[in-house]
Amino acid sequence: MKVLVIGSGAREHALCRSLSLDPDVTALHCAPGNAGIAEVAELHPVDALDGAAVAELAAGLGAELVVVGPEAPLVAGVADAVRAAGIPVFGPSGEAAQLEGSKAFAKDIMAAAGVPTARSYVCTTAEEVAEALDAFGAPYVVKDDGLAAGKGVVVTEDLDEAKAHAAGCDRVVIEEFLDGPEVSLFAITDGESVVPLQPAQDFKRALDGDEGPNTGGMGAYSPLPWADPKLVEEVLETVLRPTVNELRRRGTPFSGLLYAGLAITGRGVRVIEFNARFGDPETQVVLARLKTPLAGVLLAAANGTLADLAPLRWSEDAAVTVVVASHNYPGAPRTGDPITGLAEVAAEDAPHAYVLHAGTKQDGGAVVSAGGRVLSVTATGTDLTEARERAYRAVDRIRLDGSQHRTDIAAKAAREAQAAQAARA
Ligand code: AMP
Ligand code: GLY
C-alpha cells in the first residue's frame, strides 16, 4: 500500500514511524513533513490547507491511502477533496470536523446526543459574557469558539483576565469548571463502527506542577494505571457511540479519529472537548503501544469496513513522551537554533527511546528548530517508571539552546503505580 501522510508535527512523525514498520506499506510519503520524518518517508512540499493541491499530489504519487494529521486541513475540507478524487482518506469531512472547529457546534451535538459535558453558554457580547461568568463563578473557563491550536482556552480565578480573553474573541463558550483528572481517549471510526484505542493523559500546562499557560501539550503517557478498567467501555457507550450516531443522523458522518478529551469528575465522566484528529502528544504514546499494523486499521476506517477488523492488539508496555519546546514557547517561540545529541540517542537509547520531530528542519548539515514544540522524546518500558527513566535519559542528551521541557511527565502516575505494587507485594 502506498501511503501519503499530510502534516509536519510529532504526531505525523509517530504516524509515519508506525506506518514505516508496517509490512503492508510499500511506499511512504509525507507532505510537508520535517527533518525527522525525512528519515522514514519521502517528503513533498505542499500547502496542507489546499485540498486540490493535496489531492493532486496524492494522485500523482499513486497513493492508496491519505492520512490527514492536523485539524486545520480537516476543517478546511482537505479530506473531502481527496475523497472526491476517488482516493481513500483517513480523516473526517470539513463538516464533520466542525466537531473540533467550533466549540459551539460540539456543544450542540453533545446536547442532542445526550453526551455528558460541562454546562455552557455561547456568548457574543460583553454583557452576555459578564452574565455567564457571574452565573458559573470562579474558576472561570473561557473558550474561543474557533480553532486556536490548544491556546484558545483560559481557565482562571481572575474575573478581569476571563473578561479580557473573551473580549479578544468573536464568539466564546463560557462553561462550568470541571474538576478531576483529564483523560484523552481516541477512537477510530468509519462513521458507523467505533474502535476505541488505549487511553492516555496529556500535560497541557507549560510548567511543572501544571503551572503556567496552556500549550498544545508538553508530554503524555499511557496506560493510566489509576483509571477504572471499565473507563474505556463506559466512554464508548456514553460518549463515542452517541456522538458518531448523532453525526451520521445529521447526514454528516464522521470517519477518521474521534478524540474525546475527558474530565473524570466526582459526578462522573464529562467531555471537555472533542478533536477531529489524533492528539499530539498522546498519539506518540498510544501508537508506541499498538501492535496491530497501522495501515490496515486506517484504511478500514477510510473504506467503511471497520466492522470486519480483528480486535486491536496492544503491548503490555508503558510509554512516556516528553516534549522539548523552544525558548519562549507558547508565546513567541524562538526558532533557527541548532539541535544536537540526536545521533547519541539513536546510538545509545534505541529501540526503547527515540526522538520524534515536531518543529524541525534541515539547514545545511544541521537540524535546527523551526517551531514552538520541537521534539517529542518517546520511550517504552515495562512500567511507567522505566519508560520515564528512558525518556528523560534521552532528553538529557539533547542540546537546544534556550529549550524547555517539563520534568514531571507521568511522575505522579509512576509513583502511585509503584506504591500500589508495593502494597500488593
Ligand atoms: P480544550 O482546548 O477545550 O481542551 O481546553 C484546554 C484545557 O483547558 C483542557 O485540557 C483543560 O485542562 C482546561 N479546560 C477546558 N475546559 C475546562 C473546564 N470546563 N473545566 C476545567 N478545565 C477546563
Ligand atoms: N494534546 C492535545 C491536542 O492534541 O489537542
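For the structure given in this document, a descriptive report is provided here. Bear in mind that the values here come from a model prediction, so they are computed numbers and not experimental data.

Attention shifts here to helix H9 (residues 231–249). For H9, with 19 residues, the first-to-last C-alpha span of 26 Å sits near the 27 Å given by 1.5 Å per residue. When the local axis directions of H9 are compared, the greatest deviation, roughly 40°, occurs at Glu237. When we look at burial in H9, the residues that qualify are Leu231, Val235, Leu236, Val239, Leu240, Pro242, Thr243, Val244, Glu246 and Leu247. Where H9 is buried, its residues contact helix H5 (98–101), helix H6 (103–113), strand E10 (182–189), strand E11 (194–196), strand E16 (256–265) and strand E17 (268–275). Trailing H9 by a residue or two, Gly251 shows a phi angle of about 85°, which is positive.

Moving on to the sheet that holds E17. Taken together, the 4 strands give an open sheet; going across it, the order is E11-E10-E16-E17, and neighbouring strands pair in antiparallel fashion. Edge positions in the open sheet fall to E11 and E17, since each of these has one partner strand only. The sheet shows a mean angle of 35° between the axes of neighbouring strands, direction not considered. Pairing between E16 and E17: 7 bridges, direction antiparallel.

Leu4, Val66, Leu240 and Val320 are the most contacted members of the largest nonpolar core, which has 77 residues in total. Per-element tally for this core: the top contributor is H9, with 7 residues. Not counting the four nearest positions on each side in its chain, Leu240 is found in contact with Leu185, Ala187, Val194, Pro196, Val235, Leu258 and Ala260. Grouped together as the second largest cluster of nonpolar side chains are 43 residues, Val3, Leu28, Ala300 and Ala319 included.

Attention now moves to unusual backbone geometry. Cis geometry marks the peptide bond from Ala31 to Pro32; its omega dihedral reads -5°. The omega torsion across Tyr329 and Pro330 is 5°, close enough to zero to call that bond cis. Note on placement: Pro330 falls in the loop between strand E18 (318–325) and strand E19 (338–340). The phi angle at Asn328 is positive, at roughly 85°, despite the residue not being glycine.

Lining the immediate surroundings of ligand 2 are Asp202, Lys204, Gly216, Tyr259, Asn275, Arg277, Gly279, Asp280, Pro281 and Glu282. Between ligand 2 and Glu282 there is a distance of 2.7 Å, counted from a nitrogen atom to a side-chain nitrogen or oxygen. Alone, ligand 2 offers 200 Å² of accessible surface; in the complex the protein occludes 92% of this. Looking at the shell around ligand 2 residue by residue, the classes come out as 2 nonpolar, 3 polar and 5 charged.

In the vicinity of ligand 1, 14 residues are found, and the nearest of them are Glu175, Leu178, Glu182, Lys204 and Glu273. Take Glu176: an N or O atom from its main chain is 2.9 Å from a nitrogen atom of ligand 1. For ligand 1, whose accessible area on its own is 470 Å², the fraction buried by protein is 93%. Of all the secondary structure elements, the ones that give two or more residues to the shell around ligand 1 are strand E7 (140–144), strand E8 (153–156) and E17.

Turning next to the packing of helix H13 (residues 384–397) against helix H14 (residues 411–424). Two numbers describe how H13 lies on H14: the axes approach to 8 Å, and their chain directions differ by 145°. Contacts between H13 and H14 involve Leu384, Thr385 and Arg388 on the former and, on the latter, Ala411, Ala413, Ala414 and Gln418. Classifying every residue of the contact of H13 with H14 by side-chain character gives 4 nonpolar, 2 polar and 1 charged.

Further remarks concern a negative patch on the surface. Together, Glu127, Glu128, Glu131 and Asp134 make up a region of like negative charge exposed at the surface. Note that Glu127 resides in helix H7 (residues 126–136).

About the criteria used
- Residues numbered from 1 in each chain as written.
- Chains lettered and ligands numbered in written order.
- Predicted model: local features only at pLDDT ≥ 70, side-chain atom pairs only at ≥ 80, totals over all residues.
- Heavy atoms only, no water.
- Helix = DSSP H or I, 4+ residues; strand = E, 2+ residues; numbered from the N terminus.
- Expected span 1.5 Å × (residues − 1).
- Bend = angle between axes of the 7 residues up to and from the residue.
- Buried < 20%, exposed > 50% of the residue type's maximum accessible area, 1.4 Å probe, protein only.
- Contact = heavy atoms within 4.5 Å.
- Pairing = 2+ DSSP bridges.
- Axes fitted to C-alpha atoms, helices over the stretch in contact; angles between N-to-C directions.
- Core = buried A, V, L, I, M, F, W, Y, C linked by side-chain atoms within 4.5 Å.
- Near = heavy atom within 4 Å.
- Polar contact = N/O pair within 3.5 Å; in protein donor to acceptor, adjacent residues only side chain to side chain.
- Areas by Shrake-Rupley, 256 points an atom, 1.4 Å probe, with all protein chains shown as cover.
- Nonpolar A, V, L, I, M, F, W, Y, C, P; charged D, E, K, R; others polar.
- Patch = residues over 30% accessible without salt bridge, like charges linked within 9 Å, V, L, I, M, F, W, Y side chains within 5 Å.
- Salt bridge = Lys/Arg side-chain N within 4 Å of Asp/Glu carboxyl O.
- Lys, Arg positive; Asp, Glu negative; His and termini not counted.
- Charge placed at Lys NZ, Arg CZ, Asp CG, Glu CD.

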